[in-house]
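# Tertiary structure, described
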Amino acid sequence: MTICVARPTRELADDLKYWVALIRTPGVGPMLARRLLDYFGGAEAIFLGQRQQWQAMGCKGKAVDWLADPDWDACALDLKWLATDNHHLIHCLSPTWPRLLAETEGAPIALYALGDLDLINMPQLAIVGSRTPTASGRDAAEEFGRHLASKGVVVTSGLALGVDAAAHQGALKAGGMTIAVCGTGLDRVYPRANHGLAQQIAEQGLLLSEFPLGTAVNAHNFPKRNRVISALSLGTLVVEAAVRSGSLITARYASEQGREVFAMPGSIHNPLARGCHKLIRDGAKLVENAAHVFEELAPQLGQAGRDLAKQAAAEVDRAGARQAAAQASLAEQNPVLSVMEYEPISVDQLVQKSGLTAAEVSSMLMVLELEGQVAKTPTGEFIRR
């Protein structure tokens, strides 16, 4: 599925076509492209070089042929897309290239961008996690996204289903402080179910991709996307993840890049909490609320970060007191809720613990689910939210 774009509305910089051609050069990845840029001094200068020079830098076969005679028809799709307002190509020699990317080995040489480009140089926190989270995990991701964005921290994620989408949605509710790093060209949306979300981010936030227009879904591209997510961010927060998951790959990249790694703990009975628990055992910061994030990032955010940590801690205390009072009141009114804890529990167990009939328990659970007090798990059990 594609993102609709308007007609071209602006002139392009003269050297932009050479950046597009460099990105599309077969067999030239970020490391080799940077060597070429360092040697020649710019994208256009690379294409003015000689075969012997390109070969000496490590270019082979198709790469050398392309540099000698670029396929400008293949670049036309990118150039047409870039001629539209709010469509950008930001490259590593630009003064607005993100500092954290500049310091990251193996980072892409350029990023296609759609939306508010100012967000790319604001403080960011990555939020990633399971594509099939529990209701509690989805709620937590959305709340973290909303709270962080409301405090001026851009929420960066990968536009995937589940935790990624919830984090983006939370940030959008707080004013649009969110960046989605995509694993396809920006003329496509993956997964298709998030097409509306991608459109909303394009209008209120920012979409990024290192891949040229027309790049389709390819499993090999998603670890590259994850590497950019972690590199752009001061830290990465994992909300529910299996031990073997893309989220833990992102966390590993963050650790290798010298970024902070945060993990939200969960029930020992929840398989989606095991990845987070592994990260915590390996040294990740255990996070229960946004105050814990701000506390850890305060040295990087300066006085503003320290102030945010204090504000967030006070808000957490007030919200906790309100929640405890509200839940105590609800538990008094509903005997099913009074015997439920924050672990998944079956209807049969609720019948046994409450002394009610199965019909009474089912009726009360339906009401509680409609009120958002409980959620049904994929295994058919219930859990308090």
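This text follows the structure it describes.
All values derive from a computational prediction rather than experimental measurement.

### Quick notes on the overall build of the protein
Secondary structure summary: the protein contains 18 helices and 11 strands in total. Relative to its 385 residues, the protein shows a buried fraction of 52%. A sequence separation of at least 24 residues applies to 70% of the contacts in the protein between residues at least 6 apart. For the protein, the accessible surface area stands at approximately 17900 Å², while carbon and sulfur atoms represent 51% of it.

### Description of the sheet that holds strand 2 (residues 110–115)
Read from one edge of the open sheet, 9 strands run 1-2-6-5-4-3-7-8-9, paired in mixed fashion. Every other strand in the sheet has two partners, leaving strand 1 (87–91) and strand 9 (285–286) as the edge strands with one partner each. Inspection of the sheet shows strand 5 (residues 178–181) paired to strand 6 (residues 206–209) by 3 bridges, in the parallel sense. Looking at strand 6, one finds that A180 is bridged to L207. Across the sheet, helix 8 (residues 135–150) touches strand 3 (124–129), strand 4 (154–157) and strand 7 (235–239), and the angle it forms with strand 3 is around 175°.

### Quick word on the pairing of strand 6
Side-chain positions along a regular strand alternate between the two faces of the sheet. Every second residue of strand 6 is oriented toward a common face, with L206 and L208 on one face and L207 and S209 on the other, all of them buried. Of the pairings in the sheet, the one linking strand 2 to strand 6 comprises 4 bridges and is antiparallel in character. Looking at strand 6, one finds that G115 is bridged to L206. Remark: the strand 5/helix 10 (residues 195–204)/strand 6 crossover connection has right-handed handedness.

### Some details on the packing of helix 8 against helix 9 (residues 163–173)
Interaxial distance between helix 8 and helix 9 falls to 7 Å at its minimum, and their mutual angle equals 35°. At the point where helix 8 passes helix 9, the crossing takes the right-handed sense. For the pair formed by helix 8 and helix 9, the contact residues are R138, A141, E142, G145, R146 and A149 on the first element and V163, A166, A167, Q169, G170, A171 and K173 on the second. Taken together, the residues of the contact of helix 8 with helix 9 sort by class into 6 nonpolar, 3 polar and 4 charged.

### Some remarks on the pattern of salt bridges
Under the counting rule described, the total for this entry stands at 9 salt bridges. As a salt-bridge pair, R146 and E143 come within 2.6 Å of each other at their nearest N and O atoms. Taken together, the positions of R146 and E143, both in helix 8 and 3 residues apart, correspond to about one turn of that helix. Between R252 and E256 there is a salt bridge, with its nearest N and O atoms 3.5 Å apart. With R252 and E256 both in helix 12 (residues 246–256) and 4 residues apart, this pair spans about one turn of that helix. The exposed category is assigned to E256, whose relative accessible area is 56%.

### Some words on the side chain of N226
By the element assignment, N226 lies in helix 11 (residues 221–232). On the accessibility criterion, N226 (5% relative accessible area) is buried. For N226, the contacting residues outside a window of four places in its chain are G246, I249, T250 and Y253.

### Topic: the nonpolar core
In this structure, I46, C59, L89, I109, Y112, L125 and I127 are the most contacted members of the largest nonpolar core, which totals 101 residues. Within the second largest apolar cluster, 12 residues are counted, among which are V339, I345, L365 and F382.

### A look at helix 14 (residues 290–301)
Helix length check: helix 14 (12 residues) gives 14 Å between terminal C-alpha atoms against 16 Å at 1.5 Å per residue, more than 12% under. For helix 14, the complete set of buried residues consists of A290, A291, H292, V293, F294, L297, A298 and L301. For helix 14, the N-terminal cap is N289; the gap from its side-chain oxygen to the backbone nitrogen of A291 is 3.0 Å.

### Considerations on helix 11
Think of an α-helix as turning once every 3.6 residues; residues three or four places apart then point the same way. Helix length check: helix 11, at 12 residues, gives a terminal C-alpha distance of 17 Å against a target of 16 Å (1.5 Å per residue), a fit within 8%. Buried residues dominate helix 11, accounting for 10 of its 12 residues.

### Some details on the packing of aromatic side chains
The final tally for this structure, using the stated rule, is 5 aromatic pairs. On the numbers, 5.7 Å between centres and 90° between planes, the contact of Y18 with W72 is edge-to-face. Taken together, the residues Y18 in helix 1 (residues 16–23) and W72 in helix 6 (residues 72–82) connect sequence positions 54 residues apart. Residue Y18 is classed as buried on the basis of its relative accessible area of 15%. A centroid spacing of 4.8 Å and a plane angle of 80° characterise the contact between Y39 and F40, whose relative ring orientation is edge-to-face. On the accessibility criterion, F40 (16% relative accessible area) is buried. The structure contains a cluster of three or more aromatic residues connected by ring pairs, namely Y18, F47 and W72. Directly above the aromatic system of W72 lies the positively charged group of K17, at a separation of 5.1 Å from the ring centroid. Of note, R252 hangs over the ring of Y253, and the distance from its end group to the ring centre comes to 5.3 Å.

Quick notes on the rules
- Residues numbered from 1 in each chain as written.
- Predicted model: local features only at pLDDT ≥ 70, side-chain atom pairs only at ≥ 80, totals over all residues.
- Heavy atoms only, no water.
- Helix = DSSP H or I, 4+ residues; strand = E, 2+ residues; numbered from the N terminus.
- Buried < 20%, exposed > 50% of the residue type's maximum accessible area, 1.4 Å probe, protein only.
- Contact = heavy atoms within 4.5 Å.
- Areas by Shrake-Rupley, 256 points an atom, 1.4 Å probe, with all protein chains shown as cover.
- Pairing = 2+ DSSP bridges.
- Axes fitted to C-alpha atoms, helices over the stretch in contact; angles between N-to-C directions.
- Right-handed = clockwise from strand over helix to strand, strands pointing away.
- Left-handed = near helix turned anticlockwise from the far one by under 90°.
- Nonpolar A, V, L, I, M, F, W, Y, C, P; charged D, E, K, R; others polar.
- Salt bridge = Lys/Arg side-chain N within 4 Å of Asp/Glu carboxyl O.
- Core = buried A, V, L, I, M, F, W, Y, C linked by side-chain atoms within 4.5 Å.
- Expected span 1.5 Å × (residues − 1).
- Polar contact = N/O pair within 3.5 Å; in protein donor to acceptor, adjacent residues only side chain to side chain.
- Phe/Tyr/Trp six-rings, centres within 6.5 Å; stacked < 30°, edge-to-face > 60°.
- Lys NZ or Arg CZ within 6 Å of the ring centre and 35° of its normal.

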